[in-house]
Amino acid sequence: IVAAIGAFVYYIRTAAGRREWEVLILKMPVIGKLARNIYITRFADNLSVLLNSGIPVVHALAIVSDVIGNSVFKRIITKAAEEVKTGNVMSAVFLRNPEMPPIVAQMIRIGEETGTLSGVLKSVGKFYNQEVEAMTKNLTTLIEPILIVALGIGVGILVVGVLMPIYNIAGQL
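Definitions and limits used
Residues numbered from 1 in each chain as written. Predicted model: local features only at pLDDT ≥ 70, side-chain atom pairs only at ≥ 80, totals over all residues. Heavy atoms only, no water. Salt bridge = Lys/Arg side-chain N within 4 Å of Asp/Glu carboxyl O. Helix = DSSP H or I, 4+ residues; strand = E, 2+ residues; numbered from the N terminus. Buried < 20%, exposed > 50% of the residue type's maximum accessible area, 1.4 Å probe, protein only. Core = buried A, V, L, I, M, F, W, Y, C linked by side-chain atoms within 4.5 Å. Contact = heavy atoms within 4.5 Å. Axes fitted to C-alpha atoms, helices over the stretch in contact; angles between N-to-C directions. Parallel < 35°, antiparallel > 145°, perpendicular 65-115°, else oblique. Nonpolar A, V, L, I, M, F, W, Y, C, P; charged D, E, K, R; others polar. pLDDT = per-residue confidence, 0-100. Patch = residues over 30% accessible without salt bridge, like charges linked within 9 Å, V, L, I, M, F, W, Y side chains within 5 Å. Areas by Shrake-Rupley, 256 points an atom, 1.4 Å probe, with all protein chains shown as cover.

Further remarks concern the pattern of salt bridges. A full pass over the atoms with the stated rule returns three salt bridges. For the salt bridge of Arg18 with Glu22, the shortest nitrogen-to-oxygen distance reads 3.2 Å. With Arg18 and Glu22 both in helix H2 (residues 15–27) and four residues apart, the pair spans about one turn of that helix. A relative accessible area of 6% places Glu22 in the buried class. The partner of Lys74 in a salt bridge is Asp66, with the nearest N and O atoms 3.2 Å apart. Under the relative-accessibility criterion, Asp66 is labelled exposed at 56%.

Given below as structure tokens:
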């Protein structure tokens, strides 16, 4: 078991293993949605701050792609930076990728068309941050009873493991 866990950790630390792990996390039912929302929040908040500070869009996208912490989203953001370099809009890349929710791509398109991309990204980041907080609150509420039952079973096993030998010895007297 220790060797399997060690091999798994070693594989995840390689570049290919890390990519596969990140893709797997995004495909998980509940955890994937939470992770996706966290990455979108990071993307929107960081890009908004960078654009507000006057950094060019292409450079800001390159910085955000390094900050986001997921190779899937890094690839998408890097493609968006390449699209902006060639004179296209970045929302087109986000619309083509299923990892990015369509509402985010539409909001970015509106921000690009109106010239208020930074403000729109700030709103998107705020919305997804609230979603992340609500999801984590719900998850902790759901996990709490499961943990209580698991701890109760563990304590029961421990009590039986300690008291059974004592009763066996007392019974032999």
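We now examine the nonpolar core. Of all hydrophobic cores here, the largest spans 32 residues; its most connected members are Phe43, Leu47, Leu61, Met90, Phe94, Ile108 and Leu121. Those elements giving two or more residues to this core turn out to be H2, helix H3 (29–52), helix H4 (57–67), helix H5 (71–85), helix H6 (91–96), helix H7 (102–114) and helix H8 (117–172). Here this core gets eight residues from one element, more than from any other, and that element is H3. Residues within four places of Leu121 in sequence aside, it is in contact with Phe43, Ala44, Leu47, Ser48, Leu51 and Ile108.

Direction vectors running N to C along H2 and H3 enclose 110°, while the axes themselves pass 5 Å from each other. Judged by the angle between their axes, H2 and H3 are roughly perpendicular. Here Ile25, Leu26 and Lys27 of H2 come into contact with H3, specifically with Pro29, Ile31, Gly32, Ala35, Arg36 and Tyr39. Taken together, the residues of the contact of H2 with H3 break down into six nonpolar, one polar and two charged.

Of the residues in the chain, 100% reach a pLDDT of 70 or more, and the chain-wide mean stands at 92. By mean pLDDT, H6 is the weakest element of the chain at 90, and H3 is the strongest at 94.

Together, Val155, Leu158, Val159, Val162, Leu163, Ile166 and Tyr167 make up a nonpolar patch on the protein surface, roughly 660 Å² of accessible area in all. Mapped onto the elements, Leu163 comes out in helix H8.

Below, the discussion takes up the environment of Glu83. Note that Glu83 resides in helix H5. Distance from Glu83 to Val58, taken between C-alpha atoms, is 9.1 Å for residues 25 residues apart in sequence. Those residues in contact with Glu83 that lie beyond four places of it in its chain are Asn88, Val89, Val93 and Arg96.

All right, on to the environment of Ile157 then. Structurally, Ile157 can be placed in helix H8. The class of Ile157 is exposed, set by a relative accessible area of 59%. Put simply, Ile157 and Glu112 are 45 residues apart on the chain and 61 Å apart in space, counted from C-alpha to C-alpha.

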